[in-house]
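What follows is each chain in one-letter form.
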Amino acid sequence: MSISIDIGAAHAGTARLGIREIVRQLNSSLGATLVAALAGSKDPKISYKWARTDGPEPKPEAQARLQLAHRAWTAVSSVEGEHVARLWFIGANPWLGEVSPIQAISELRSKEVMDAAVAMTEDRFAG
C-alpha cells in the first residue's frame, strides 16, 4: 500500500467521524491533556467534556485542529504503531522547524503536519 493511499484513507476515515468520536479516539491515544493542548485550550480536561454526548462542542477552529490531529495520528500510527506515533506527536520534529506536531497542530499548520507525517512513514524523517 502506498503512503498516498494511507494519507487518503486517514483523511476519509476522519471525515466520516463526528467530532465527539474524534475526541474520544484522540483522548484514548494521546491523553486528554495533550488533546486539549493541540486543540488550543488551556483547560486540560476540556476534551473529556467534548467527548460526552451531552457535552459542549468544540469551537470551529478547535474542531479543525482536532481533525488534523486525528488525520496525522491515523497516518502515523497505521504505519509505525501507536507507541511511535505518540512519541512522534510530542517530540521536536525537523520537518516542523524543531517544534512538536502538537504545537504545529495548535498553530493549524496543516500541510506541514501532514508532510511531516508522510516523511515519518516513508522513512524520510531525517529530512
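- Taking an unreviewed UniProt entry as the reference, the protein chain is identified by name as Antitoxin Xre/MbcA/ParS-like toxin-binding domain-containing protein belonging to Arthrobacter mangrovi.

**Some details on the overall build of the protein chain**
Then comes step 1: Each helix and strand counted, the protein chain has eight helices and zero strands in total.
Then comes step 2: Listing every helix and strand of the protein chain by position from the N terminus yields α-α-α-α-α-α-α-α.
Then comes step 3: For the protein chain, with 127 residues in total, the buried portion stands at 44%.
Then comes step 4: Sequence separation of at least 24 residues holds for 61% of the intrachain contacts in the protein chain that already meet a minimum separation of 6.
Then comes step 5: Surface summary for the protein chain: the accessible area is close to 6400 Å², and the carbon and sulfur share equals 55%.

**Quick notes on unusual backbone geometry**
Then comes step 1: The phi angle at Glu98 is positive, at roughly 65°, despite the residue not being glycine.
Then comes step 2: Here Glu98 is to be found in the loop between α6 (82-90) and α7 (101-106).
Then comes step 3: Look at Leu108: it is not a glycine, yet its phi comes out positive at around 55°.
Then comes step 4: Relative to the elements of secondary structure, Leu108 occurs in the loop between α7 and α8 (110-121).

What counts and how
Residues numbered from 1 in each chain as written. Predicted model: local features only at pLDDT ≥ 70, side-chain atom pairs only at ≥ 80, totals over all residues. Heavy atoms only, no water. Helix = DSSP H or I, 4+ residues; strand = E, 2+ residues; numbered from the N terminus. Buried < 20%, exposed > 50% of the residue type's maximum accessible area, 1.4 Å probe, protein only. Contact = heavy atoms within 4.5 Å. Areas by Shrake-Rupley, 256 points an atom, 1.4 Å probe, with all protein chains shown as cover.

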